[in-house]
Amino acid sequence: DLQQARTRLQDRLRPTLPMFDDTAKGIVPTNVVGTVGLNSRTVLSITPKVGEGDDWVGASLDLMVPERATLAGHRRAARTSIEKSLESGLAVIYRDRLERALRAEGPIEVMHSEFARSGSLDGQLDIERWVLSRPMRDFSFPVHRSVLDANNELTAALSLAAVLLARSVADGTVRSALMKLSRDIRPGLPEVVAFDPSVIGRPLPQQWSRYDEAWSIAQVVLTTSGFTSRHGSLAGVEVALEPWRLLEELLDRTVTEVVRQARMAGLDWHNRIHPVIDFLRPDTSGRGDLVRLLSPRTGEPENLIIGPSGAVASFEAKYSRPAGPRAIRGHMYQLLTTAAHAGSPCAVLVYPELAEPVHWRAANALTSVRDVYAVGLHLFGYSRDVGVAERSAMIFDLVRPRPGANHSNPLALAGPITQGSAS
């Protein structure tokens, strides 16, 4: 069962790093947290190693749920009532957000065309059908008309997300509220059996922006549930996360705030997410068996801050808790190689633990990299209420140019910085 669950998660999450390690003592989860269903009776709950006061469920939810047009007063209204599971936390937040949007705007109604037979001419008359039906003394008019109602793909997705979350909570009050919302969002319409999954990736129309908060969670739920229809073997939402992605998201939010602070200080900085840095270009004139080894060699830092004269700082995120210097050997080589080829004077290793930064200085001037840092961003202590203010202030203080310091890059960029995947 566990092997099948691993395969299912691998296909669904497509993780960047291995989720489980096969050891002499058995299978050990290394890059997955949340709930994994093994069979109809058994659910595996995987929790991270966190500090005593850390709310890892809340931190994960805040990092996994995208936000658009969120009002500050609404963001964390349900945090205190969140249960100790990701799916229960999502259910509580979704209930509050959908209730609020439905109360403010009513159901999402969309204009669409339908064919009907009517006793009055209240649409575009289908002449051919009407003429053919006249000999049979049919006194109704076959018409094509435009109607505005709640029977559309958006309400179907919101309704189905409510049902899936309702199946995942033990609290009867939350479950009942979600089932009621699944009906209220589509008043007078039959229950949703299936719909077009492509709607999950679509943004909401601007006129329905009040539903953005609920829609962002519905997208997560419908993407992670792997549903095919409302009926069948699916019992609820299985929420499993790759925590390395959460660390990557936290780093991105932190660096984005660093850039914002830099611009307020008069620095023209920009944040590049996963830029591709060229390391080596293959010489196609090569011959012999070793030609099989030739390919372009590239690197891809998590984030790269760019200023007017080139790279300012390169960042690599590592979801691990290294025990000592030997444990970071591979991390350091990757960090230094990418930073050097990007022409960056500063390189930063980011870990999930709560820790003050440590610093290395370059031993010589043969590369662009002058300063290297390792910092802990306290991943599972994150809260959207507090945000990344302290984290970004710390990073900005590390990478900002010092008065009188020469931060010009001695090396030119080895190749263009583009968006894409690394090898």
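The structure this text deals with has already been given above.
Residues numbered from 1 in each chain as written. Predicted model: local features only at pLDDT ≥ 70, side-chain atom pairs only at ≥ 80, totals over all residues. Heavy atoms only, no water.

Before going further, it helps to examine the sheet that holds strand β4 (residues 43–46). Spatial strand order, β4-β3-β8: three strands in an open sheet with antiparallel pairing. Either end of the sheet is taken by a strand with one partner, and the two such strands are β4 and β8 (240–241). Note: strand β3 (residues 33–37) against β4, four bridges, orientation antiparallel. Paired with Gly34 across the two strands is Ile46, which belongs to β4. (Pairing = 2+ DSSP bridges. Helix = DSSP H or I, 4+ residues; strand = E, 2+ residues; numbered from the N terminus.)

Attention now goes to the pattern of salt bridges. Evaluated as defined, the whole model comprises 10 salt bridges. Ionic pairing is found between Glu242 and Arg245, a salt bridge with its closest N-O pair at 3.7 Å. Here Glu242 falls in the buried class, since its relative accessible area comes to 8%. A salt bridge links Glu353 to Arg321, with the nearest nitrogen and oxygen atoms 3.6 Å apart. Taken as a pair, Glu353 in the loop between β14 (346–351) and β15 (354–361) and Arg321 in the loop between β13 (310–317) and α9 (329–342) lie far apart in primary sequence, 32 residues in all. Residue Glu353 is classed as partly exposed on the basis of its relative accessible area of 22%. For Arg321, a relative accessible area of 66% gives the class exposed. Each member of the salt-bridge network shares a partner with another, and the members are Glu242, Arg245 and Glu248. (Salt bridge = Lys/Arg side-chain N within 4 Å of Asp/Glu carboxyl O. Buried < 20%, exposed > 50% of the residue type's maximum accessible area, 1.4 Å probe, protein only.)

Moving on, we come to the pairing of strand β12 (residues 303–307). For β12, the buried fraction is high: five of the five residues fall into the buried class. Residue alternation in β12 divides its side chains into two sets, Asn303, Ile305 and Gly307 and Leu304 and Ile306, and both sets are buried. Pairing geometry for strand β9 (residues 270–273) and β12, over four bridges, is antiparallel. Bridged to His270 within β12 is Ile306. Sheet analysis places β12 next to β13, joined by five bridges and oriented antiparallel. Within β13, the position partnered with Asn303 by the bridge is Phe315. Two successive antiparallel strands, β12 and β13, enclose a turn made up of two residues.

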